[in-house]
Amino acid sequence: MVKKKRLRLIAEMARKIRAYRELKSRPRESQKYALDYETMKRPFTGKMLPVLAWQDVRRESRLFSLLAGMRLFGVGRLFTRKSWLEDHSEPSYWQITKVKVDYTSENMDHGKAWGILTYKGKKESEVKEMDKVMYHDWRLIPKHMEQQFKDFEPLPEPPVRYVAYPPLLRAMLLAQQKKAGGSRAAEEPVLPLKRDVLLNKDYFHTQEQERQRKEGTAV
């Protein structure tokens, strides 16, 4: 007979209290990314910004510095980055759908934002949180140029190229096909020169969630 697991109510309550205190003690966005513009250091961490970034810090703006002075905090508007304008000929921009402002910051110029990303002319279908909002290279796309960015049509994808497998691996695959197909003639195995998975932050986050779902959460 399987012994029933005892519920440790006090231990569970203590765990929730520790988690709540840890959540409340976390630094806010305004504390974490505050910057002393004279020394170019972040007071919270004491780290200095790279020298190559100093020029952009003095000339360009952070995303929430632009949003703080806009109606509805810029929801529905298009924003791009200086680095995207310099590196890509195709339009890359975010269309903001939701903003969560840190109202404890002095000028309400910190927080989180969500939107739909169009990168190098290819529009994504899902809304996701915008990254690098604390970087000093964000620019607002003027109203009269928004349609020009949206009307861009990306070039069609080039056809996938294929190469032959190494001799030993080719022989193993042909043997497996012959064993599975019997007397049917085996097809020549080829290797596509295309990565089916984009190894970005979202991919690894999804993999970690899938692993935790299978293994369960440690108590």
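Residues numbered from 1 in each chain as written. Predicted model: local features only at pLDDT ≥ 70, side-chain atom pairs only at ≥ 80, totals over all residues. Heavy atoms only, no water.

Per an unreviewed UniProt entry, the protein chain goes by the name Mitochondrial ribosomal protein S34 and belongs to Astatotilapia calliptera.

## What to know about unusual backbone geometry
What you tend to see is this: most non-glycine residues have negative phi, and most peptide bonds are trans. The phi torsion at Phe73 lies on the positive side, around 55 degrees, for a residue other than glycine. For Phe73, the position within the fold is in the loop between helix 4 (63-67) and strand 1 (78-81). Non-glycine residue Lys120 carries a positive phi angle of around 55 degrees. Relative to the assigned elements, Lys120 resides in the loop between strand 3 (111-119) and strand 4 (122-123). Judged by its relative accessible area of 35%, Lys120 is partly exposed. (Helix = DSSP H or I, 4+ residues; strand = E, 2+ residues; numbered from the N terminus. Buried < 20%, exposed > 50% of the residue type's maximum accessible area, 1.4 Å probe, protein only.)

## Remarks on the pattern of salt bridges
Counted under the stated rule, the structure contains ten salt bridges. Residue Lys82 is joined to Glu86 by a salt bridge in which the shortest nitrogen-to-oxygen separation is 3.9 Å. One end of the pair, Lys82, and the other, Glu86, are both in helix 5 (residues 82-87), four residues apart, so they sit about a helical turn from each other. Judged by its relative accessible area of 17%, Lys82 falls in the buried class. The exposure class of Glu86 is exposed, given its relative accessible area of 57%. In this structure, Lys128 and Glu124 form a salt bridge, with 3.3 Å as the shortest nitrogen-oxygen distance. One network of salt bridges, in which partners are shared, links Asp56, Lys82 and Glu86. (Salt bridge = Lys/Arg side-chain N within 4 Å of Asp/Glu carboxyl O.)

## Observations regarding the side chain of Asp109
In this fold, Asp109 is placed in the loop between strand 2 (93-101) and strand 3. Here His110 takes part through its side chain, which lies 3.0 Å from a polar atom of the side chain of Asp109. Those residues in contact with Asp109, other than ones at most four positions away along the chain, are Arg62, Phe64 and Ser65. (Polar contact = N/O pair within 3.5 Å; in protein donor to acceptor, adjacent residues only side chain to side chain. Contact = heavy atoms within 4.5 Å.)

## So, the nonpolar core
One recurring pattern in soluble globular proteins is that nonpolar side chains are buried together. Core analysis: the largest hydrophobic core is formed by 16 residues, its most contacted members being Leu63, Leu67, Phe79, Ile96, Val99 and Met130. Contributions of two or more residues to this core are made by helix 4, strand 2 and strand 3. Among the elements that make up this core, the one with the highest residue count is strand 2 (four residues). For Val99, the contacting residues outside a window of four places in its chain are Phe64, Leu67, Phe73, Val75, Lys112 and Ala113. (Core = buried A, V, L, I, M, F, W, Y, C linked by side-chain atoms within 4.5 Å.)

## Considering a nonpolar patch on the surface
There is a patch of nonpolar side chains on the surface, built from Val160, Tyr162 and Val190 and spanning about 270 Å² of accessible area. Relative to the assigned elements, Tyr162 resides in strand 7 (residues 162-164). (Patch = residues over 30% accessible without salt bridge, like charges linked within 9 Å, V, L, I, M, F, W, Y side chains within 5 Å. Areas by Shrake-Rupley, 256 points an atom, 1.4 Å probe, with all protein chains shown as cover.)

## Section: empty space enclosed by the protein
Scanning all chains against the criterion turns up one cavity of 30 Å³ or more. Size it by volume and the largest cavity reaches roughly 50 Å³. Lining the largest cavity, in full, are Glu29, Tyr33, Arg62, Phe64, Asp109, His110, Gly111, Val133 and Met134. For the lining of the largest cavity, the per-class residue count stands at four nonpolar, two polar and three charged. (1 Å grid on protein atoms, 1.4 Å probe; cavity = no way out; pocket = protein on both sides within 12 Å on 5 of 7 lines; lining within 4 Å. Points joined across faces, edges and corners; volume = space filled by probe spheres on them. Nonpolar A, V, L, I, M, F, W, Y, C, P; charged D, E, K, R; others polar.)

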